[in-house]
Amino acid sequence: MQNEISPLLTDREVERILRVGKGWCAKDRLARGRIPHVRLGRSCRYRLTDVMAFVESSIRNSTSEAA
């Protein structure tokens with residue numbers, strides 16, 4: 001079975017998927033780095049699989065549930 005290559009997304013595409021504000025990805029990279037990224041020269045890209053894994057890991061059943 002071949003490994004499929006996950007599409008690489010720009011900051012803007014990730015922010016649109018997550019429905020967060022402009023600049024969220026850059027701030028997250030500097031402060032927390034919750035979503036792994038790939039550096040291509042001066043550009044940062046995110047694998048779609050990593051973005052979806054971040055979403056799955058963020059699911060909570062209650063507001064009092066620990067992260």
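Placed above this text is the structure.
Calculation notes
Residues numbered from 1 in each chain as written. Predicted model: local features only at pLDDT ≥ 70, side-chain atom pairs only at ≥ 80, totals over all residues. Heavy atoms only, no water. Core = buried A, V, L, I, M, F, W, Y, C linked by side-chain atoms within 4.5 Å. Buried < 20%, exposed > 50% of the residue type's maximum accessible area, 1.4 Å probe, protein only. Helix = DSSP H or I, 4+ residues; strand = E, 2+ residues; numbered from the N terminus. Contact = heavy atoms within 4.5 Å.

Peer 1: Can you help me understand the nonpolar core in this one?
Peer 2: Side chains that are nonpolar tend, in soluble globular proteins, to be buried together. The biggest cluster of nonpolar side chains holds eight residues, and these are Leu-9, Val-14, Leu-18, Cys-25, Ile-35, Tyr-46, Val-51 and Phe-54. At the level of elements, helix 1 (11-18) and helix 3 (48-57) are the ones that each hand at least two residues to this core. Setting aside anything within four residues of it in sequence, one finds Val-14 in contact with Leu-9, Cys-25, Ile-35, Tyr-46 and Val-51.

Peer 1: Would you take a moment to explain unusual backbone geometry for this structure?
Peer 2: Look at Arg-19: it is not a glycine, yet its phi comes out positive at around 55°. Summarising the element assignment, Arg-19 is placed in the loop between helix 1 and helix 2 (24-31). For Arg-19, a relative accessible area of 77% translates into the label exposed.

In short, the description is geometric, and any link to function would need to be established separately.
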